[in-house]
Amino acid sequence: MDNLDERKVKILNTIIRNYLETGEPVGSRTISKCEDISLSSATIRNEMSDLEEMGYIIQPHTSAGRIPSDKGYRFYVDQLMQEKDKEIQEMKELVIEQTEKTDQVLKTVAKLLANNTNYTSLITAPARRKNSVKFIQLSMVEEDQLLAVVVLDGNIVRNKMIDIEEPLDNEQMLKLNMLLNTSLNGLSPEEINLNVIAQIKAKARIHSEVINSVLDAVSETINEDRDLEIYTSGATNIFKYPELSDSSKAAELLTTIEEKHELEALISAGDEDMGIKVYIGDESPIENMKDCSIVTATYKIGEDMTGTVGIIGPKRMDYENVVDNLKQLKTRMKDIFDKDG
């Protein structure tokens, strides 16, 4: 592949993007209006002439602008894929780093809460209330299969394989990628309604079936259930209270706390103002905890990241101390995460 300098790359990319959008040959005057290209029309024409000689663009007829050649499309696709692969890899590395950090922070918080109250504590990892599309990348894997990489807010990366009836060429792939990203960027599942889908299909024309499959995959990735991370500490504190330390009751309680999946019943958005909920005895949503009291609170990080923190103890628990601890923790969670970042 020829060594293209930065100026030629900018001009080639501008020609391709304009042609993909309009379907019309692109002239030097159009290119000169682009904000990131501060060149005269004469200089642009010289660069276009070089690009034509190198085989990246062609002139369909005399006095017309230029359109990309197959070689030009190949350069654009390879460059685009390289950039997006790097971006997605960086996102994955960031997610791993953030996950490790979050894991340590939450384990520490759960332990401190259990020590401060002498009860059992639980805390969930913060999660977004809404997932919206940040970026979509379609790539051909086989003649009848596409790989859809969907990046959601919070740099959550999901992959889906999509079966298609016929292969797509480079130009068709580029157009679909641009169409999907332009139409879906920033939208949540609720916002990807029938009107949005109809508009995308109209623009996709003969590829509306592919769009159907892609939109189904996007919907699945956004709504895909993720394992809820619940951290617990102080489970053995229940033995300090005679009414809970009966061998059969204690065994059931310990199993529920250790297996964690039943604890999901305690996870809720809570009250918007206070975020504090108190379950006493039979009010508990967990059958094995009908002899306990449970106090939960919702904490918030940023605009839409929320999690749940809770205390499990006997009905005669020190409610004032527990509620005070949870209220203080609610207000400090953002600072705790910032401090450990």
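In this text, all values refer to a predicted model and were calculated from it rather than measured experimentally.

## Points about the pattern of salt bridges
Thinking step 1. The full count for this structure, using the stated rule, is 7 salt bridges.
Thinking step 2. Measuring nitrogen to oxygen at the nearest pair gives 3.7 Å for the salt bridge that ties aspartate 5 to lysine 8.
Thinking step 3. Lysine 8 gets classed as buried once you look at its relative accessible area, which sits at 11%.
Thinking step 4. Measuring nitrogen to oxygen at the nearest pair gives 3.1 Å for the salt bridge that ties arginine 66 to glutamate 52. Of this pair, arginine 66 sits in the loop between β1 (57–58) and β2 (67–68) while glutamate 52 sits in helix α3 (residues 41–53); the two residues are 14 residues apart in sequence, bridging distant segments of the chain.
Thinking step 5. Residue classification places arginine 66 among the buried positions, given a relative accessible area of 15%.
Thinking step 6. Within the structure, one salt-bridge network assembled from shared partners comprises Asp5, Arg7, Lys8, Glu47 and Asp50.

## Re the pairing of strand β3 (residues 120–124)
Thinking step 1. Counting buried positions along β3 gives 5 out of 5 residues, so the element sits mostly inside the fold.
Thinking step 2. The two faces of β3 match: Thr120, Leu122 and Thr124 on one face and Ser121 and Ile123 on the other face are all buried.
Thinking step 3. In this sheet, strand β11 (residues 305–314) lies alongside β3 in antiparallel orientation, the contact comprising 4 bridges. Bridge pairing in β11 links isoleucine 123 to valine 309.
Thinking step 4. Inspection of the sheet shows β3 paired to strand β8 (residues 230–233) by 4 bridges, in the antiparallel sense. Residue leucine 122 lies in a different strand from β8, and its bridge partner there is threonine 232.

## A few points about a negative patch on the surface
Thinking step 1. Together, Glu142, Glu143, Asp144 and Asp163 make up a negatively charged patch on the protein surface.
Thinking step 2. Residue placement: glutamate 143 occurs in the loop between β5 (133–142) and β6 (145–152).

## Here we look at the confidence of the model for the protein chain
Thinking step 1. Across the protein chain, pLDDT averages 80, with 85% of residues at or above 70.
Thinking step 2. Put simply, strand β4 (residues 127–128) is where the protein chain has its lowest mean pLDDT, 68, and β1 is where it has its highest, 92.
Thinking step 3. Contacts for the low-pLDDT stretch residues 269–273, under 50 throughout, to residues beyond four places or in other chains number 5 contacts.

## Side note on the packing of aromatic side chains
Thinking step 1. Enumeration over the complete set of coordinates arrives at 2 aromatic pairs.
Thinking step 2. A centroid spacing of 5.9 Å and a plane angle of 75 degrees characterise the contact between tyrosine 56 and phenylalanine 75, whose relative ring orientation is edge-to-face. On the criterion of sequence distance, the pair formed by tyrosine 56 in the loop between α3 and β1 and phenylalanine 75 in helix α4 (residues 70–117) is long-range, its members being 19 residues apart. Comparing tyrosine 56 with phenylalanine 75 shows no difference in burial state: the two are buried.
Thinking step 3. Plain terms: the ring middles of tyrosine 119 and tyrosine 241 are 5.6 Å apart, the flat faces sit at 35 degrees to each other, and that makes the pair tilted. Note that tyrosine 119 is positioned in the loop between α4 and β3 and tyrosine 241 in the loop between β8 and α8 (247–259), a separation of 122 residues in sequence.
Thinking step 4. Tyrosine 119 gets classed as buried once you look at its relative accessible area, which sits at 6%.
Thinking step 5. Classification of tyrosine 241 as buried rests on a relative accessible area of 12%.
Thinking step 6. A cation over a ring is seen here: lysine 71 above tyrosine 56, with NZ or CZ 4.6 Å from the ring centre.

Conventions used here
- Numbering of residues starts from 1 in each chain and follows the order in which that chain's sequence is written.
- Local features in this predicted model are restricted to residues whose pLDDT is 70 or higher, and side-chain atom pairs enter the listing and the counts only when it is 80 or higher, whereas totals over whole chains, interfaces and linings include all residues.
- Excluded from the side-chain calculation are hydrogens and water; included are all heavy atoms of the structure.
- By salt bridge we mean one thing: a side-chain nitrogen of Lys or Arg within 4 Å of a carboxyl oxygen of Asp or Glu.
- Exposed residues in this analysis have more than 50% of their type's maximum accessible area, buried residues have under 20%, and partly exposed residues fall in between, with area computed by a 1.4 Å probe over protein chains only.
- Note on conventions: DSSP H or I runs of at least 4 residues are helices, E runs of at least 2 residues are strands, and numbering of each starts at the N terminus.
- Think of it this way: DSSP has to see at least two bridges between two strands before they count as a pair.
- Patch members must show over 30% relative accessible area and no salt bridge, and they are joined within 9 Å when carrying like charges or within 5 Å when they are nonpolar side chains of Val, Leu, Ile, Met, Phe, Trp or Tyr.
- Only the protein chains shown count as cover for residues, and the accessible areas themselves come from Shrake-Rupley with a 1.4 Å probe.
- We count Lys and Arg on the positive side and Asp and Glu on the negative side, and we leave His and both chain ends out.
- For charged residues, the charge sits on one atom: NZ in Lys, CZ in Arg, CG in Asp, CD in Glu.
- Predictor confidence is given residue by residue as pLDDT, running from a minimum of 0 to a maximum of 100.
- Any two residues whose heavy atoms approach within 4.5 Å at even a single point are treated as in contact.
- The rule is short: rings of Phe, Tyr and Trp, with Trp giving its six-membered ring, pair when the centres are within 6.5 Å, and they are stacked under 30 degrees, edge-to-face over 60, tilted in between.
- Cation placement over rings: the criterion is NZ of Lys or CZ of Arg within 6 Å of the ring centroid and within 35° of the ring normal.

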